[in-house]
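Structural characterization, general
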Amino acid sequence: MFAISPHLRVLAPELAEDLRSGRTHIPMPDGFSLRFALYPLRTARLTGPVYSQRILKQRQHYNTFAEVFFAPLAWVLTPGKRSTALETTESVLDAQGWACADEWLHYGDDVTSVDLRNLCRKVPIVGHPMGRRDEWFEMFSDDVTPFLEGYIPSGVE
């Protein structure tokens, strides 16, 4: 994601350098959280920073620095709990029960297996958190937010 979103390199230069250099132990910067869920759909989406607010039915927000939706998993780099303390609406990721992978960064190359139950208790199966797009508005910058969306074919016929 850092390759397509230079904005993230400004927000977290240490993380960008750790990823670029291939360091074995990478700490999660303050104010960031890595969330994931099972994603069974054949549509893919890769974006940079976006802030979305649900305005119909119920109030929720979806705030991301980066997201990757590509079956079988969805990954979202999002502001951490401490950085969203002023947020007055519920995070759709919390409402859907997305798992947190922040602690996974403590495992280095020397760890060859870990019981998944020790890493997270529950991993939800999700579609894109915004679901019906006509219930949401999205805010992003054309200068810093790439959008790649498409349909992944099931195979060659």
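Here, the structure is the one placed above.
Residues numbered from 1 in each chain as written. Predicted model: local features only at pLDDT ≥ 70, side-chain atom pairs only at ≥ 80, totals over all residues. Heavy atoms only, no water.

With that out of the way, let us pick up the pattern of salt bridges. One pass over the structure, following the stated rule, counts six salt bridges. Here aspartate 94 and arginine 35 are joined by a salt bridge, their closest N and O atoms 3.1 Å apart. With aspartate 94 in helix H3 (residues 92-96) and arginine 35 in strand E1 (residues 32-38), this pair connects stretches of sequence that are 59 residues apart. Among the salt bridges present, the one from arginine 45 reaches glutamate 138, with a minimum N-O distance of 3.1 Å. In this pair, arginine 45 is assigned in strand E2 (residues 43-47) and glutamate 138 in strand E9 (residues 136-139), connecting sequence segments 93 residues apart. Since its relative accessible area comes to 5%, arginine 45 is described here as buried. A relative accessible area of 28% places glutamate 138 in the partly exposed class. Salt bridges linked by common partners bring Arg45, Glu67, Glu138 and Glu149 together as one network. (Salt bridge = Lys/Arg side-chain N within 4 Å of Asp/Glu carboxyl O. Helix = DSSP H or I, 4+ residues; strand = E, 2+ residues; numbered from the N terminus. Buried < 20%, exposed > 50% of the residue type's maximum accessible area, 1.4 Å probe, protein only.)

Quick look at the environment of proline 29 now. Relative to the elements of secondary structure, proline 29 occurs in the loop between helix H2 (13-21) and E1. Residue class for proline 29 comes out buried when judged on its relative accessible area of 19%. Filtering out sequence-adjacent residues up to four positions away, proline 29 remains in contact with Ala12 and Leu15. (Contact = heavy atoms within 4.5 Å.)

Our next topic: the sheet that holds E1. If you trace the six strands from one edge of the open sheet to the other, you get E8-E1-E6-E5-E2-E10, paired in antiparallel fashion. At either end of the open sheet lies a strand with only one pairing partner, and these are strand E8 (99-100) and strand E10 (147-151). Here five bridges tie strand E5 (residues 66-70) to strand E6 (residues 73-79), and the two strands are oriented antiparallel to one another. In the strand pairing of E6, glutamate 67 is matched with valine 76. (Pairing = 2+ DSSP bridges.)

So, on to the pairing of E2. In the sheet, E2 pairs with E10 via five bridges, with the strands oriented antiparallel. Directly across from threonine 43, in E10, lies its bridge partner tyrosine 151. By the bridge criterion, three bridges tie E2 to E5 in an arrangement that is antiparallel. When the bridges of E5 are listed, threonine 47 appears paired with glutamate 67.

Everything listed here is a matter of geometry and, on its own, says nothing about what the molecule does.
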